[in-house]
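Report on the structure
One letter stands for each residue in the lines below.
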Amino acid sequence: MSRILVVTGAASGLGLEFARLGAERGDTLVLADIDADALAAVADEFSARGVAVLWARCDVAQEAEVEALAGLCEARFGAPHWVFNNAGVGSGGLLWEHSAADWRWVWGVNVMGVVHGIQSFVPRMLRRAAREPDYRGVVMNTASMAGLLNAPLMGIYNASKHAVVSLTETLEQDLRLVTSQVRAAVLCPYFVPTGIAHSERHRPRDLARGEVRTLSQQVAQLQSERAVSSGKVSARQVAERVFAGLAAGDFYLYSHPDGLSAVEARFRDIQSGLPPGDVFASRPEVGAWLRAQLRRPP
């Protein structure tokens, strides 16, 4: 069945693969990204193949821009069936070395971007559900395994993705109170080769970081680049798993289900009252390298 599919962060990475898979399945696409040039090229790719596509540059951190996207979607195609609040950015380093601008940027995209998507699309989806008994809608929010775990040097990102998991779990509970036709789902991918390690390139000027990065921020950037580029599961494979999971009615969606063993270990720590365990226990060389880098004499 053809759906209306909304994807933010659609010009690259997971968002692009969500859009491509939707196009292959005959979906109508509503695509958004902060990179207008890259998004236009993506839209042209789909239009040339006869796919119905609407695209708009959109900074999801800006409420008005997401509301405008939802309005365009409704005016052209109607309320969507699947909404993927997928846009995200990353920033690393020791927690106490981040600036207020760092927090506003990451939180604005990763958390408020999801909030804005919920605020703008869910009411439209509920109105359509009230009119059409056969309508079914899903709001899928991209979190991360960092929303279930807490690796060092990723504090802002961890906190933002924990918030996305919490938001989505609560959204599912709230939706159950009012409808059986619209539901939620959350994606928690591990390291997948995408461009998120270089998301600073789209950071707004008014939230720019200083010229000099601290040692921990430099180390975090290098570690992020290594981890993301070493991912063995492709963005395409994640998209296929997401579509299959949504079709099956799954709520929690994973790129690496074997990573749940670390989540289980975390919850054992929570139950026992222990401090967080060593996330590098299975790869001690990584923890040793990080400590060696951060304890270098000045």
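Shown above is the structure to which this text applies.
Residues numbered from 1 in each chain as written. Predicted model: local features only at pLDDT ≥ 70, side-chain atom pairs only at ≥ 80, totals over all residues. Heavy atoms only, no water.

Now for the overall build of the protein chain. Of regular secondary structure, the protein chain possesses nine helices and seven strands. Rg of the C-alpha trace for the protein chain: 19 Å, near the compact-globule value of 19 Å for 298 residues, within the 12% margin. When the backbone C-alpha atoms are referred to their principal axes, the protein chain occupies close to 65 × 45 × 30 Å. Counting only residues that meet the buried cut, the protein chain has 50% of its 298 residues in that class. The long-range share in the protein chain, meaning contacts at least 24 apart out of those at least 6 apart in sequence, stands at 72%. Split by element, the accessible area of the protein chain, about 14,200 Å² in all, is 55% carbon and sulfur. (Helix = DSSP H or I, 4+ residues; strand = E, 2+ residues; numbered from the N terminus. Rg over C-alpha atoms; globule rule 2.2 N^0.38 Å. Buried < 20%, exposed > 50% of the residue type's maximum accessible area, 1.4 Å probe, protein only. Contact = heavy atoms within 4.5 Å. Areas by Shrake-Rupley, 256 points an atom, 1.4 Å probe, with all protein chains shown as cover.)

There is a patch of nonpolar side chains on the surface, built from Leu95, Trp96 and Trp103 and spanning about 380 Å² of accessible area. Relative to the assigned elements, Trp96 resides in the loop between strand 4 (82–85) and helix 4 (100–131). (Patch = residues over 30% accessible without salt bridge, like charges linked within 9 Å, V, L, I, M, F, W, Y side chains within 5 Å. Salt bridge = Lys/Arg side-chain N within 4 Å of Asp/Glu carboxyl O.)

Before going further, it helps to examine the packing of aromatic side chains. Summed over all chains, the structure comprises seven aromatic pairs. When the ring of Trp82 is compared with that of Phe84, the centres are 6.0 Å apart and the planes differ by 20 degrees; the resulting orientation is stacked. Accessibility classification places Trp82 together with Phe84 in one group, the buried group. Ring centres of Phe251 and Tyr252 lie 4.6 Å apart, and the angle between their planes is 85 degrees; this geometry places the pair in the edge-to-face category. With a relative accessible area of 17%, Phe251 lands in the buried category. For Tyr252, a relative accessible area of 36% corresponds to the partly exposed category. (Phe/Tyr/Trp six-rings, centres within 6.5 Å; stacked < 30°, edge-to-face > 60°.)

What the seven strands build is an open sheet, ordered 3-2-1-4-5-6-7; its pairing is parallel. Every other strand in the sheet has two partners, leaving strand 3 (53–57) and strand 7 (252–254) as the edge strands with one partner each. Ignoring strand direction, the axes of neighbouring strands in this sheet form an average angle of 15 degrees. For strand 2 (residues 28–33) and strand 3, the ladder comprises five bridges, and the chain directions are parallel. The residue of strand 3 that forms the bridge with Ala32 is Ala56. Helix-sheet contacts for helix 3 (residues 63–76) involve strand 1 (4–8), strand 2 and strand 3, and the interaxial angle to strand 3 is about 165 degrees. (Pairing = 2+ DSSP bridges. Axes fitted to C-alpha atoms, helices over the stretch in contact; angles between N-to-C directions.)

Next up on the list: the pattern of salt bridges. All told, the structure shown has 14 salt bridges when counted by the stated rule. Ionic pairing is found between Glu67 and Arg124, a salt bridge with its closest N-O pair at 2.9 Å. One end of the pair, Glu67, is in helix 3; the other, Arg124, is in helix 4, and 57 residues separate them in sequence. Exposure remark for Glu67: the relative accessible area of 34% places this residue in the partly exposed category. Put simply, Glu172 and Arg176 hold a salt bridge, and the shortest N to O gap is 3.1 Å. With Glu172 and Arg176 both in helix 5 (residues 155–178) and four residues apart, the pair spans about one turn of that helix. Look at Arg176 and you get exposed, because its relative accessible area is 55%.

Turning our eyes to something else, we now look at the nonpolar core. Within the largest apolar cluster, 43 residues are counted, with the highest numbers of intra-cluster contacts made by Val6, Val30, Leu69, Phe121, Met125, Leu171 and Cys188. At the level of secondary structure, the elements contributing two or more residues to this core comprise strand 1, strand 2, strand 3, helix 3, helix 4, helix 5 and strand 6 (182–188). In terms of residue count, helix 4 provides more of this core than any other element does, ten residues in total. With near-sequence residues (within four places) excluded, Met125 lies in contact with Ala79, Pro80, His81, Val83, Tyr135, Gly137, Val138, Val139 and Val182. Counting 33 residues, the second largest nonpolar core, distinct from the first, contains Ala185, Ala239, Leu246 and Leu253. (Core = buried A, V, L, I, M, F, W, Y, C linked by side-chain atoms within 4.5 Å.)

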